Amino acid sequence: MKKTILSLLFAGVSMYANAIDMTLPGAGNVRYGVEVGINESKTRMDDYEFLAGFNFGAKAEYSLSDNLFVDGQFNFARKGGVAVSETNIPLIGKKRIEKDFKLSYLQLSIGAGYRFAVTNTFGIAPHVGFFGAYGIASELEDSNDEPFADLDFKKGDFGFDLGLNFDLGKNFQLSAGVDLGLIQIRDDEKLYGNTIIDYSDMKTISWYQRFTYFF
């Protein structure tokens, strides 16, 4: 009985592996897929910390050779950060204040990479490219202000996409990397009371991990 169950299980796994084609993509191969992932993002100013977000969308990849490929992806990405400050409260002292701001983007990334075949079913591929993003929604914690509408946040963003792909056959891919924004997403200076805040370093950084299934 145990041998029969094991045989059926092995046969099922073999049929599934054959159906999804566990070999790595070769020259001329085109793949289309869907992806979902998480990210940790912030601005590169000192008083900001990382905020957890998510992303999902579609991806396409064309293999120029067995190793070299170009790809593109169109995603919804929830980014943002945590603004951190301190205030003095009488009889209590300093209190740390944290405010989450969430920035939702539609993002297009285009790049290229080189796949190193560790085996005929597993490959590692460094990837470099560019991304462009457009803000469609924003939210500031405990406030009616919206960063895009009320706080002079710029809706457009652009920068480098640097990552590493892990391919398991033609159908599965795990990716990890970082989006480094090159655009200052808020005006240079802002006056709050008697304090002028310099926003020249307010550029985005977002570390991401994604899972992609190619059809």
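Residues numbered from 1 in each chain as written. Predicted model: local features only at pLDDT ≥ 70, side-chain atom pairs only at ≥ 80, totals over all residues. Heavy atoms only, no water.

(A) Layout of the environment of Gly156. Considering the arrangement of structural elements, one finds Gly156 in strand 8 (residues 156-168). Of the residues examined, Gly156 reaches a relative accessible area of 28% and is grouped as partly exposed. Taking the C-alpha atoms as reference points, Gly156 and Ile136, 20 residues apart in sequence, are found 9.8 Å from one another. Excluding its chain neighbours within four sequence positions, the residues that come into contact with Gly156 are Ala133, Ile183 and Ile185. (Helix = DSSP H or I, 4+ residues; strand = E, 2+ residues; numbered from the N terminus. Buried < 20%, exposed > 50% of the residue type's maximum accessible area, 1.4 Å probe, protein only. Contact = heavy atoms within 4.5 Å.)

(B) Quick peek at the pattern of salt bridges. A complete count under the given rule lists six salt bridges for this structure. A salt bridge links Glu61 to Arg31; the nearest nitrogen and oxygen atoms lie 2.9 Å apart. On the criterion of sequence distance, the pair formed by Glu61 in strand 3 (residues 51-63) and Arg31 in strand 1 (residues 30-43) is long-range, its members being 30 residues apart. Here Glu61 falls in the buried class, since its relative accessible area comes to 1%. Here Asp167 ties to Arg31 by a salt bridge, and the two come within 3.2 Å at their closest N and O atoms. Residue Asp167 is found in strand 8, and its partner Arg31 is found in strand 1; the two are separated by 136 residues along the sequence. (Salt bridge = Lys/Arg side-chain N within 4 Å of Asp/Glu carboxyl O.)

(C) Fine view of a nonpolar patch on the surface. The grouping of Val30, Tyr32, Val34, Tyr62, Leu64, Leu68, Val70, Tyr114, Phe116 and Phe215 at the surface amounts to a nonpolar patch, some 980 Å² of accessible area in total. Counting residues per element, the ones that place at least two in the nonpolar patch are strand 1 and strand 4 (68-89). By residue number, the principal contributor to the nonpolar patch is strand 1, which donates three residues. As for its placement among the helices and strands, Val34 is situated in strand 1. (Patch = residues over 30% accessible without salt bridge, like charges linked within 9 Å, V, L, I, M, F, W, Y side chains within 5 Å. Areas by Shrake-Rupley, 256 points an atom, 1.4 Å probe, with all protein chains shown as cover.)

(D) Examining the nonpolar core more closely. By size, the foremost hydrophobic cluster in this structure holds 14 residues, and its most contacted members are Tyr48, Phe101, Leu103, Phe153 and Met202. Among the elements of the structure, strand 5 (93-114) and strand 7 (122-140) are those that each provide at least two residues to this core. Apart from the residues within four sequence positions on either side, Met202 is in contact with Thr43, Met45, Tyr48, Phe101, Phe153, Ile183, Gln184, Ile185 and Arg186. (Core = buried A, V, L, I, M, F, W, Y, C linked by side-chain atoms within 4.5 Å.)

(E) Spotlight on the layout of surface pockets. Size it by volume and the largest pocket reaches roughly 650 Å³. If you trace the largest pocket, you find 21 residues lining it, with Tyr48, Ala83, Arg186, Ile197 and Tyr199 closest to the centre. Of all the secondary-structure elements, those providing two or more residues to the lining of the largest pocket are strand 4, strand 5 and strand 11 (195-198). Of the residues that constitute the lining of the largest pocket, the class distribution is twelve nonpolar, two polar and seven charged. (1 Å grid on protein atoms, 1.4 Å probe; cavity = no way out; pocket = protein on both sides within 12 Å on 5 of 7 lines; lining within 4 Å. Points joined across faces, edges and corners; volume = space filled by probe spheres on them. Nonpolar A, V, L, I, M, F, W, Y, C, P; charged D, E, K, R; others polar.)

(F) Fine view of the side chain of Arg115. With respect to the helices and strands, Arg115 occurs in the loop between strand 5 and strand 6 (116-117). On the accessibility criterion, Arg115 (1% relative accessible area) is buried. A polar atom in the side chain of Arg115 sits 2.7 Å from the side chain of Glu61. What Arg115 contacts, discounting residues up to four positions off in sequence, is Leu24, Pro25, Arg31, Glu61, Ser63, Asp66, Asn67, Phe69, Gly123, Ile124, Ala125 and Asp167. (Polar contact = N/O pair within 3.5 Å; in protein donor to acceptor, adjacent residues only side chain to side chain.)

(G) A look at the packing of aromatic side chains. Under the criterion given, the structure shown has twelve aromatic pairs. Relative to Phe160, the ring of Phe130 has its centre 5.3 Å away and its plane inclined at 35 degrees; by these criteria the two rings are tilted. Residue Phe130 is found in strand 7, and its partner Phe160 is found in strand 8; the two are separated by 30 residues along the sequence. Overall, Phe130 belongs to the partly exposed group, its relative accessible area being 43%. Phe160 sits in the partly exposed class, given a relative accessible area of 32%. Clustering of aromatic rings is evident, with ring pairs tying together Phe172, Phe211, Tyr213 and Phe215. Between Lys79 and the ring centre of Tyr105, over which it is positioned, the NZ or CZ distance is 5.7 Å. Lying over the aromatic face of Phe131, Lys79 brings its terminal NZ or CZ to 4.6 Å of the ring centre. (Phe/Tyr/Trp six-rings, centres within 6.5 Å; stacked < 30°, edge-to-face > 60°. Lys NZ or Arg CZ within 6 Å of the ring centre and 35° of its normal.)

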